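For reference, the chains in residue letters:
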Amino acid sequence: MSRHHPRVSELELRQALAAWLLPGLAPDELLVEELGIEHGSTRVDVAKLGRRLDGFEIKSDFDTLDRLARQMHAYHRVFDTLTIVTTPAFVPQVERLLPAWWGILQAARGPNGEISLQRVRPTADHPRQEAESIVSLLWRDEVLTILRNQLGARVSSSANRATLYRQLTELSDLVTIKQWVTSILRTRPSLRDRDLLRVKSAGSGDEPSAPDDGLRHLAATS
């Protein structure tokens, strides 16, 4: 590639994605980098955590698609929508590799070297998440609190994580589970501290308002 068209790095794509997403972020949504899913067995580059779960995977000119082919099925079990953020070099490949409901954002380098994003393919809803994979985003104590306080279930304090996850998926439906999970994630202090909008505004003294949700106490107990 010539010096007039330098390759696009992962950092540049992350910065461009943040610039794309932050203006439209609702007060009760978080934008979190490197969110672990399925007990940390894989991570999504950027997750938008609102009343839905939206995932963004980044592939720069310095990457390959090998890891994406392995990870995409785990992403499918968790996220309502998925978007790949990549460069023109990879667009033909990801169009073939990824299901049609994945969105595609393509990097474009401006005359001054700045990176902007252009939508190549729209993002569509994916309605086939799996309850157990979504529940696995929660910590053990968070699941225990839901079972006891929300469902009135009799649960042993010594029950392991897998048992608690299974019990929750047996006692509730996917829609309700997703409501609990997204509420807890948006109020979990460790994730709020990593929120890109919070980090960006920290220097100015401005702080995004906290989500006003009925399950706030669940995050406070974790």
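Residues numbered from 1 in each chain as written. Predicted model: local features only at pLDDT ≥ 70, side-chain atom pairs only at ≥ 80, totals over all residues. Heavy atoms only, no water.

Colleague: Lay out the overall build of the protein chain in plain terms, naming residues and giving numbers.
Modeller: Of regular secondary structure, the protein chain possesses 10 helices and 6 strands. Contacts in the protein chain between residues at least 24 apart in sequence constitute 58% of all its contacts with a sequence separation of at least 6. A total of about 11000 Å² of accessible surface is found on the protein chain, and carbon and sulfur atoms cover 49% of it. (Helix = DSSP H or I, 4+ residues; strand = E, 2+ residues; numbered from the N terminus. Contact = heavy atoms within 4.5 Å. Areas by Shrake-Rupley, 256 points an atom, 1.4 Å probe, with all protein chains shown as cover.)

Colleague: With reference to specific residues and values, describe the packing of aromatic side chains.
Modeller: Counted by the stated rule, this structure contains 3 aromatic pairs. Judged by centre distance (6.3 Å) and plane angle (75°), the ring pair of Y75 and F79 falls under edge-to-face. The pair Y75 / F79 is uniform in exposure class, with both members buried. On the basis of an interplanar angle of 35° and a centroid distance of 6.4 Å, the ring pair of W101 and W102 is categorised as tilted. Just as W101 is buried, W102 falls in that class too. Here a set of aromatic residues connected by ring pairs shows up, and it is made of Y75, F79, W101 and W102. R188 extends its terminal NZ or CZ atom over the ring of W139, reaching a point 3.9 Å from the ring centre. (Phe/Tyr/Trp six-rings, centres within 6.5 Å; stacked < 30°, edge-to-face > 60°. Buried < 20%, exposed > 50% of the residue type's maximum accessible area, 1.4 Å probe, protein only. Lys NZ or Arg CZ within 6 Å of the ring centre and 35° of its normal.)

Colleague: Mind laying out the sheet that holds strand β2 (residues 42-49), listing which residues take part and the relevant values?
Modeller: On the basis of which strands lie adjacent, the open sheet formed by 6 strands has the order β1-β2-β3-β4-β5-β6 and mixed pairing. Every other strand in the sheet has two partners, leaving β1 (30-37) and β6 (115-121) as the edge strands with one partner each. Averaged over all pairs of adjacent strands, the angle between their axes in this sheet comes to 30°, without regard to strand direction. Pairing geometry for β2 and strand β3 (residues 53-58), over 4 bridges, is antiparallel. Paired with A47 across the bridge in β3 is G55. (Pairing = 2+ DSSP bridges. Axes fitted to C-alpha atoms, helices over the stretch in contact; angles between N-to-C directions.)

Colleague: Tell me about unusual backbone geometry, and name the residues and values.
Modeller: Even without being glycine, E34 reaches a positive phi, approximately 55°. Look at E34 and you get partly exposed, because its relative accessible area is 30%. Positioned with a positive phi, H39 is a non-glycine residue whose angle comes to about 60°. Looking at the secondary structure, you find H39 in the loop between β1 and β2.

Colleague: Explain the nonpolar core residue by residue, including any values.
Modeller: If you look at soluble globular proteins, the nonpolar side chains tend to sit buried side by side. Counting residues in each nonpolar core, the largest one holds 44 residues, and the members touching the most others are L49, Y75, F79, W102, V143 and L168. Once residues within four sequence positions are removed from consideration, W102 is found in contact with E57, L68, M72, Y75, H76, L82, T83, I84, R121 and P122. (Core = buried A, V, L, I, M, F, W, Y, C linked by side-chain atoms within 4.5 Å.)

Colleague: Before we move on, could you go through the environment of A131 and cite the residues and values that matter?
Modeller: Mapped onto the elements of the fold, A131 is located in helix α4 (residues 131-135). Considering only alpha carbons, one finds A131 and D173, 42 residues apart in sequence, at a separation of 7.9 Å. The residues contacting A131, other than those within four sequence positions of it, are T169, L174 and I177.

Colleague: Got a sec to walk through the confidence of the model for the protein chain? Specific residues and values, please.
Modeller: In the predicted model, the protein chain carries a mean pLDDT of 87, and the fraction of residues at 70 or more is 87%. Scored below 50 in pLDDT, residues 205-222 shows 37 contacts in the model against residues more than four places distant or in partner chains. (pLDDT = per-residue confidence, 0-100.)

Colleague: Quick one: what's the story with the environment of R70, residue by residue and with numbers?
Modeller: For R70, the location among the structural elements is in helix α2 (residues 66-76). Residue class for R70 comes out exposed when judged on its relative accessible area of 60%. Counting along the chain gives 28 residues from R70 to T42, while the straight-line C-alpha distance between them is 9.5 Å.

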